[in-house]
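Listed here are the chains, written in short residue letters.
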Amino acid sequence: MKKVNILFGTVYGSAQYVAETLAAELQEQGYQANLLAPDENVDFVPPENELLLVVTSTTGQGDLPDNILPWFESIRSTAPYLPNLKYGLIGLGDSSYETYCGAIKQVDALLEELGAKAVVERIEIDAIETMEPEIEAQEWLKGFINATG
Ligand SMILES: Cc1cc2nc3c(=O)[nH]c(=O)nc-3n(C[C@H](O)[C@H](O)[C@H](O)COP(=O)(O)O)c2cc1C
């Protein structure tokens, strides 16, 4: 059974809800979904034989929320080489900000630097366009499942 580790960064809870929804859907589709709580994620180095899913909103001016920032900083400073890691990314943002979806873009750039490969292109979900980011995320998940199942 394929295992998917899921990390989320949120300020107001939307990205967490999206992550929980996708975890449930992945379980239903026969994956083992491991949703990491923020206090579990700090030193988490994604195993290369498992999939990684990151769901994060953007705060401040293109910044990562406080509950995923320590993980990001830790991975950036230890810089493990992860050429066999496959990942998918979901960003929540608001296109009225110039720094639209800055957080997920930072995560994408970092993972790419570490040699990891996106299995499908990241999705950026705009709060101006939808009040239900989990619906768009579930659509995107179909592509992720097709590419990894
Ligand atoms: C103080 C504040 C700063 C924000 N900064 C950005 C930003 O720089 N870029 C962006 O795309 N969205 C930004 N947003 C919008 C949030 O990312 C968006 O509303 C998101 O859906 C919130 O998800 P969450 O509930 O998981 O935190 C900001 C929102 C607030 C309240």
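Details of the structure are given in the entry above.
This write-up is about the structure you can find in this document. (Residues numbered from 1 in each chain as written. Predicted model: local features only at pLDDT ≥ 70, side-chain atom pairs only at ≥ 80, totals over all residues.)

## Side note on the overall build of the protein chain
Here is the rule: By the criteria applied, helices consist of DSSP H or I runs no shorter than four residues and strands consist of E runs no shorter than two, each listed in order from the N terminus. Only the C-alpha atoms count toward the radius of gyration. The rule for a globule is 2.2 Å times the residue count to the power 0.38. With C-beta atoms placed from the backbone, a residue counts as buried when 20 or more other C-beta atoms lie within 10 Å of its own, as exposed when 12 or fewer do, and as partly exposed for counts between those limits. Throughout, a pair of residues is in contact if the C-beta atoms placed from their backbones lie within 7 Å.
Helix and strand counts for the protein chain stand at 5 helices and 6 strands. Mapped in sequence order, the helices and strands of the protein chain form the string β-α-β-α-β-α-β-α-β-β-α. Here the protein chain has a C-alpha radius of gyration of 14 Å; the compact-globule value for 149 residues is 15 Å, and the two agree. The buried share of the protein chain, reckoned over its 149 residues, is 38%. Long-range pairs, those at least 24 residues apart, make up 80% of the contacts in the protein chain between residues at least 6 apart in sequence.

## Brief notes about the site of the ligand
Applied cut-off: Using the backbone to place each C-beta atom, any residue with that atom within 6 Å of a molecule or strand is considered near it. Any residue that is not Ala, Val, Leu, Ile, Met, Phe, Trp, Tyr, Cys, Pro, Asp, Glu, Lys or Arg is counted as polar, Gly included; the first ten are nonpolar and the last four charged.
Every one of the 21 residues lining the ligand counts as a neighbour, but Tyr12, Ser14, Ala15, Ser57 and Gly93 are closest to it. Mapped onto the shell around the ligand, the elements with two or more residues apiece are helix 1 (14–28) and strand 4 (86–93). In terms of residue class, the shell around the ligand is built from 8 nonpolar, 12 polar and 1 charged.

## Here we look at helix 1
Convention followed: Between the first and last residue of a helix there are one fewer steps than residues, each counted as 1.5 Å, and that sum is the expected span. Arc definition: directions from the helix axis to the C-beta atoms.
In this model, helix 1 (15 residues) spans 21 Å end to end at C-alpha, consistent with the 21 Å of a helix rising 1.5 Å per residue. Listing the buried residues of helix 1 in full gives Ala15, Gln16, Val18, Ala19, Leu22 and Leu26. Each buried residue of helix 1 sits inside an arc of 155° when the element is viewed along its axis, so together they form one side. Opposite its buried face, helix 1 presents the exposed residues Ala24 and Glu28, each directed more than 90 degrees away.

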